[in-house]
Structures are given as C-alpha cells and as structure tokens.
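Overview (structure and organization)
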Amino acid sequence: MHIRFTTRPLILSATIAAVLLSGCAGMSETQKGTAIGAAGGAGLGALIGKATGNTGKGAAIGGVVGAVAGNIWSKKMEEKKAAMEAATKGTGVDIARTADNQLKVNVPGDFSFDVGQAKVKPVMQPVLNKLASGLDATHQVVIVGHTDSTGAAAANNHLSLNRAESVRDYMVGQGIAANRIQVSGKGEDEPIADNATAEGRAKNRRVEIFLREAGAQ
C-alpha cells in the first residue's frame, strides 16, 4: 500500500496552536497544555486519517490523545508554581515551567550561600520550606549546583556538589525522603552568562532545583 502524506494537516494544527496561544491569556497552565495538545494531536490524527481514508475520525482520535499529552502539567504543579512565585517575589529567585513540564527554581548563589561556603543561608530557608511543603510520593526533586569560573575547576566542582547536597539535606530535614532527591555539581561547566563580567559571574553562581511528578516526561 502506498501512503502519501501531506503537510496541510500539520500547517493547520500549527495555525490552530498559534491562534490558541494568542487567546490563552486567561487560561491556566493546565488549560493551555490541554488546548495546544489537542490542536497538535488533531493535526497528527488528520495525517493518520489521510492514510487510512478517514480523516475526520483520525483527527478526532488525535485530538483526544493530544489533549491528554498536553495536560501532563497538573493542577497541583500549577498551584506549586504560583505559591513559589508568591514566596520568592523580590528575592531574585526565578521560578519557571520547563519545556518538559518540570518546575524549575533558580536560586542565585549570593542569595543562598556565603562566598566559598556550602551552608544554606537563613534567608533561603523559607524558599526551601515552601518548596518542600505539600509534596507527596509522586514528586521527585533534582538539585544542581553551579559556580562561576573563578578559582580552580576541581575546587568549583567540589563546592557546587557540596551546595547541592546542603540543599538536599535541608529538604530532607523538612520531611522529603532522601531517595526522592538527586543531586549533582556542575562546577563552572554550564554557565548561563559571561564569566568575564561581575554580573555574568553572579548569574552563574546558582543552585537549580527541579521538581517533577513521577511519570511526567
């Protein structure tokens, strides 16, 4: 059997997604994911329908599948994001949803640790308390430490890992099981700004905390 695919359904679904994005201002993150996922799924379903001779049915099936796939950012995660944004307002801590539906908490090093030290500063503790509160067995945490390029690479690797472990130990103290937390230290290897400037180095000194629900991709 010879199957000839057309790009028209893909163009249509992309157009629908663009329209949905322009009208998503009043939607929650979960609703946005559902709507956009449905549009993308409908386009894929239309391709399937084109191949099988039933375009309408294929689009309908694809729309349902796409809606489910787009809805993996749960209401609980959305609420946690909003709570973290409120708790960290004005602190320089950045809260974001990643492309793979994790909650990312980017904590500047100057806010979280003294220079050259790995002990969590008191000012950071309320942020970690808020992050730890309400988590259940479905949530997994990854903590990644980073430094700027000042000093020896080996020392930076050690410091970044120590800081990630310090954050982990604090969260364990808040009731999160240690086996649900992964840690790593990247040292100076993953800068997000230019280490040639003081401002860039300040951005690179950070701890990133990722929160996801088990089963989310």
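1. Thoughts on the sheet that holds strand S4 (residues 181–185)
- What the five strands build is an open sheet, ordered S1-S2-S5-S3-S4; its pairing is mixed. Edge positions in the sheet fall to strand S1 (94–97) and S4, since each has one partner strand and no second. Pairwise comparison of adjacent strand axes, ignoring direction, gives a mean angle of 15° for this sheet.
- Of the strand pairs in this sheet, strand S2 (residues 103–108) and strand S5 (residues 206–213) are connected by six bridges, and their pairing is antiparallel. Opposite Val-105, over in S5, you have Ile-209 as the bridge partner.

2. Considerations on the confidence of the model for the chain
- Within the chain, residue pLDDT values average 81, and 66% of them lie at 70 or more.
- A low-confidence stretch, residues 65–71 stays under pLDDT 50, and its non-local contacts, those more than four residues away or across chains, total 12 contacts.

3. Some details on the pairing of S5
- Where burial is concerned, most of S5 is hidden: seven out of the eight residues are buried.
- Pairing analysis gives eight bridges linking strand S3 (residues 139–146) to S5, with the strands arranged antiparallel. Along S5, the bridge assignment pairs Val-144 with Glu-208.

4. Quick word on the pattern of salt bridges
- What the rule picks out here adds up to 10 salt bridges.
- Here Lys-81 ties to Glu-85 by a salt bridge, and the two come within 2.7 Å at their closest N and O atoms. Of this pair, Lys-81 and Glu-85 both sit in helix H4 (residues 75–87), four residues apart, which is roughly one turn of the helix.
- Ionic contacts of the salt-bridge type, sharing partners, join the residues Lys-104, Arg-206 and Glu-208 into one network.

5. A word on the pairing of S3
- S3 sits mainly inside the fold: six of its eight residues count as buried.
- Pairing of S3 with S4, which is carried by five bridges, proceeds in the parallel orientation. Residue Gly-145 lies in a different strand from S4, and its bridge partner there is Gly-185.
- A crossover links S3 with its parallel partner S4, the connecting element being helix H7 (residues 153–173), and its sense is right-handed.

6. Considering H4
- With 13 residues, H4 should cover 18 Å at 1.5 Å per step; its first-to-last C-alpha distance of 18 Å lies within 8% of that length.
- Taken as a whole, H4 has its buried residues at Met-77, Lys-80, Lys-81 and Met-84. Buried residues of H4 fall within an arc of 100° about the axis and therefore sit on the same side. Exposed side of H4, more than 90 degrees from the buried face: Lys-75 and Ala-86 are the residues found there.

Thresholds applied
Residues numbered from 1 in each chain as written. Predicted model: local features only at pLDDT ≥ 70, side-chain atom pairs only at ≥ 80, totals over all residues. Heavy atoms only, no water. Pairing = 2+ DSSP bridges. Helix = DSSP H or I, 4+ residues; strand = E, 2+ residues; numbered from the N terminus. Axes fitted to C-alpha atoms, helices over the stretch in contact; angles between N-to-C directions. pLDDT = per-residue confidence, 0-100. Contact = heavy atoms within 4.5 Å. Buried < 20%, exposed > 50% of the residue type's maximum accessible area, 1.4 Å probe, protein only. Salt bridge = Lys/Arg side-chain N within 4 Å of Asp/Glu carboxyl O. Right-handed = clockwise from strand over helix to strand, strands pointing away. Expected span 1.5 Å × (residues − 1). Arc of directions from axis to C-beta.

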